[in-house]
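Results of the structural survey
Below, each chain spelled out in residue letters.
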Amino acid sequence: MSQETQKTWGGRFSEAPSRIAQEFNASWTFDQRLALVDIEGSLAHAAMLARQGIIAAEDEARLRQGLLSVRQEILEGTFQWREELEDVHMNVEARLTELVGPVGGKLHTARSRNDQVATDLRLWVRGELTGLLDDLKALRRVLVQEAGKYIEPPLILPGYTHLQRAMPVLLSHWFLAYYEMLTRDAGRLQDALNRLNESPLGAAALAGTGFPIDRHFTASALGFVRPMRNSLDAVGSRDFVLEVLSALAIGQITLSRLAEEIILYTTFEFGFAVLPDAFSTGSSIMPQKKNADHAELIRGKAGRVLGSFVTLATLTKGLPLAYNKDLQEDKEPLFDAMDTYRASVKLLAAMLPGLKWNAEVMARAAESGFSLATELADYLAERGVPFREAHHVVGRIVRHCVEQHKELRDLSLAELQGFHPLFDEDALPLTRLETAIHRRRSYGGTAPEAVREALKAAQLEVET
Ligand code: ARG
C-alpha cells in the first residue's frame, strides 16, 4: 500500500485500490479546471481557521505561502497531476503538503471534500457566468448596431408565419426580436447567478462541525452573499447547476433559431443575404457551394447543450441527501455546455456584422406573395365592413390575382370596386410596401417610428 493512500485514507484500509478502480474513480482529468477556485477556497478557509484560533497564525502563514506556490505551478503549467490522488482537491493538498510539510495536513480541519467541491463549483460558475454575461452583452450590442444600420433607408423583408410570407417587416425589427430574446436569456443567467451566490463552505461532510468555525467570515471572504443555511442542502444540492444548464439550454435554443434563419436566408432559394467568406465553407466537390457550416453547428449544438441539462436532471432526480459520488458527474456536462454556449455567442457576434443583406431581393419578396392583402381587408374594415366579411372579399381578390397571374399592385381601381363598392382611390397605395410598413405604428409594431423607439430603448440598455 502506497504511503500516499495511507495518508489520505488513514488506517481503515489495508489494501490499496486496484488500478482499474482508481482510474474509474478519478476526476482530476476534468475537475482540474477547478484548481484556482479550489485554492481560493482553501486560502479563505485557512484564514478563518487561524482567526478562530483553530490553527496557529504561523501555520496559516505557511499554508498560505504553500497554496500560493501551488497556484503559481498551476498557472505556469508545471503542476504534476497524479492519478492515484483521484481529484483536484487531493492533488492540490498533496502538493501543498510536499511543499510545506506535515502542517499541510491541518488545512482540512473542519472541512470535507463535500463542502469543498460544492464551494469550488459555485465559485467557478460565478466566474464563468460573469464572463459569459459580458460576451452576451457584446452580442446584444451587435444586434442593436445591426438594427441601427438598416432603419434609414428602411430595409424590408417578408415577415413569416408558418414560413409563408405573411406581412412585411423591417430588417431592424427582425434584429431587435432576437435582441429581446437574448436579453431574456441573459436575465435567466443573471437570476441563476444571483441565487447561487451563497457559501456551502463549513457544511463539512454533511452535518456541520464541532470546531468553532465562522462561516460568515469565509462566505464574505469569498464574495458570497451569505453562508447557506442548511448543511445537508449545502453539500447535497446541485439545483444551481441544473438552473444554469436550463438557462444555457434555452439560450442555445435561441441561438439555434437565429442560426436557422441565417441558414435559410443565405440559400439560393431565399437570397436575402450573403455570408461573409470568413464565415462560410466551400464543398470539396461542388465548386458553387458556400455553406453556412458555422450557423449549422450552432443549430446542432443546441442538441448537445440540452443533452447536458437532461444528463444533470437524470443524475440528480433519485439522489438521497446528502453527497453521493454521482455528483462527480455534474462537472463535464456543465463545463461542456458553458463552453459550447459561450463559443456560439462569440461566433455570432463576429459573424453577424459581415452579412450582406440584399435590399432588392428582400423587398421584392416582401411585396409579392400577397403579403399586403391584409391592408385591403383593414381598409374595408375601417369603412364599417365587418372584418370577417372584408377578409372574405380580399380572399376572393387574391384568388382572382392568382388566376390572372397578377400581384395586388397590378389591380386597377375598377377591378377592386368589382369586388366591393367601398374601394376608392386611397386604397391603391395600400398595395405598396412602404405604406403598409408605415401603418404598423402600434406599440411594438414594425413601423419605422415604432422600431426607432424600440431601438432607442435597446441602445440605452447595451450602452450602460
Ligand atoms: N471528486 C469529488 C466530486 O467531484 C469530490 C468530492 C468527493 N467526496 C467524497 N465524499 N467522496 O464530487
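Above this text sits the structure in question.
Here's what I pulled together on the structure shown here. (Residues numbered from 1 in each chain as written. Predicted model: local features only at pLDDT ≥ 70, side-chain atom pairs only at ≥ 80, totals over all residues. Heavy atoms only, no water.)

Turning our attention to the site of the ligand. The ligand sits among Ser27, Asp31, Asp87, His89, Arg113, Asn114, Val117, Tyr323, Gln328 and Lys331. Note that a nitrogen atom of the ligand is positioned 3.4 Å from one of the side-chain N or O atoms of Ser27. The side chain of Gln328 places a nitrogen or oxygen atom 2.7 Å from a nitrogen atom of the ligand. Taken by itself the ligand offers 340 Å² of open surface, and the protein chains cover 86% of this. (Near = heavy atom within 4 Å. Polar contact = N/O pair within 3.5 Å; in protein donor to acceptor, adjacent residues only side chain to side chain. Areas by Shrake-Rupley, 256 points an atom, 1.4 Å probe, with all protein chains shown as cover.)

This part covers the pairing of strand S1 (residues 156–161). Bridge analysis of S1 against strand S2 (residues 164–170) gives six bridges, and the strand direction is antiparallel. What sits directly across from Leu157, in S2, is Val169. Here S1 folds back onto S2 in antiparallel fashion, the turn holding two residues, of which His162 has a positive phi close to 55°. (Pairing = 2+ DSSP bridges. Helix = DSSP H or I, 4+ residues; strand = E, 2+ residues; numbered from the N terminus.)

A complete count under the given rule lists 36 salt bridges for this structure. One salt bridge in this structure joins Glu152 and Arg452, with 3.3 Å as the shortest N-O distance. Pair noted here: Glu152 is in the loop between helix H7 (113–149) and S1 and Arg452 is in helix H19 (residues 448–463), with a separation of 300 residues, a long-range link. Residue classification places Glu152 among the exposed residues on the basis of a relative accessible area of 57%. Of the charged contacts in the structure, one is a salt bridge between Arg439 and Glu382, with a shortest N-O distance of 3.2 Å. Of this pair, Arg439 sits in helix H18 (residues 433–439) while Glu382 sits in helix H15 (residues 373–382), and the two are 57 residues apart along the sequence. By relative accessible area, Arg439 is classed as partly exposed at 28%. (Salt bridge = Lys/Arg side-chain N within 4 Å of Asp/Glu carboxyl O. Buried < 20%, exposed > 50% of the residue type's maximum accessible area, 1.4 Å probe, protein only.)

What follows is about helix H5 (residues 57–76). Since one α-helical turn is 3.6 residues long, residues separated by three or four positions face the same way. The terminal C-alpha atoms of H5 lie 29 Å apart, and with 20 residues this matches the ideal 28 Å at 1.5 Å per residue to within 8%. Every buried residue belonging to H5 is among Asp59, Glu60, Leu63, Gly66, Leu67, Val70, Glu73 and Ile74, and all of these are buried. Mapping the buried residues of H5 onto a view down its axis gives an arc of 140°, with all of them on the same face. Set apart from the buried face of H5 by more than 90 degrees, the exposed residues are Ala57, Glu58, Leu75 and Glu76. Where H5 is buried, its residues meet helix H4 (35–51) and helix H6 (88–100). At the C-terminal side of H5, Gly77 shows a positive phi close to 80°. (Expected span 1.5 Å × (residues − 1). Arc of directions from axis to C-beta. Contact = heavy atoms within 4.5 Å.)

Turning to the side chain of Asn291, a few remarks are in order. Tracing the backbone through its elements, the reader meets Asn291 in the loop between strand S5 (273–274) and helix H12 (293–316). Among the residues examined, Asn291 registers a relative accessible area of 19% and is labelled buried.

Okay, the packing of H7 against H19 next. Between two packed helices, the angle of one axis relative to the other and the distance separating the axes together describe the packing. The N-to-C vectors of H7 and H19 enclose an angle of 150°; their axes lie 10 Å apart at closest approach. Put simply, H7 runs roughly antiparallel to H19. Along this stretch, H7 crosses H19, giving a crossing that reads as left-handed. Where H7 abuts H19, its residues Lys137, Arg140, Arg141, Val144, Ala147 and Gly148 lie against Leu455, Ala458, Gln459, Glu461, Val462 and Glu463. A per-class count over the contact of H7 with H19 returns five nonpolar, two polar and five charged. (Axes fitted to C-alpha atoms, helices over the stretch in contact; angles between N-to-C directions. Parallel < 35°, antiparallel > 145°, perpendicular 65-115°, else oblique. Left-handed = near helix turned anticlockwise from the far one by under 90°. Nonpolar A, V, L, I, M, F, W, Y, C, P; charged D, E, K, R; others polar.)

With that settled, the discussion passes to the packing of H5 against H6. With their axes 9 Å apart at the nearest point, H5 and H6 run at an angle of 120° to one another. The orientation of H5 relative to H6 falls into the category oblique. Handedness of the H5/H6 crossing: right-handed. Of the residues in H6, those in contact with Arg62, Leu63, Gly66, Leu67, Ser69, Val70, Glu73 and Ile74 of H5 are Val92, Arg95, Leu96, Leu99 and Val100. Classifying every residue of the contact of H5 with H6 by side-chain character gives eight nonpolar, two polar and three charged.

Attention shifts here to the packing of aromatic side chains. By the definition in use, this model includes 14 aromatic pairs. Between Trp28 and Trp81 the ring centres are 6.4 Å apart and the planes differ by 10°, which places this aromatic pair in the stacked class. With Trp28 in helix H3 (residues 28–31) and Trp81 in the loop between H5 and H6, this residue pair connects regions lying 53 residues apart in the sequence. The pair Trp28 / Trp81 is uniform in exposure class, with both members buried. With centroids separated by 5.1 Å and ring planes inclined at 70°, the aromatic side chains of Trp174 and Phe175 adopt a geometry described as edge-to-face. The burial state of Trp174 is the same as that of Phe175; both residues are buried. One aromatic cluster is present, formed by Tyr150, Tyr160, Trp174, Phe175, Tyr178, Tyr265, Phe270, Phe272 and Trp357 through successive ring pairs. (Phe/Tyr/Trp six-rings, centres within 6.5 Å; stacked < 30°, edge-to-face > 60°.)

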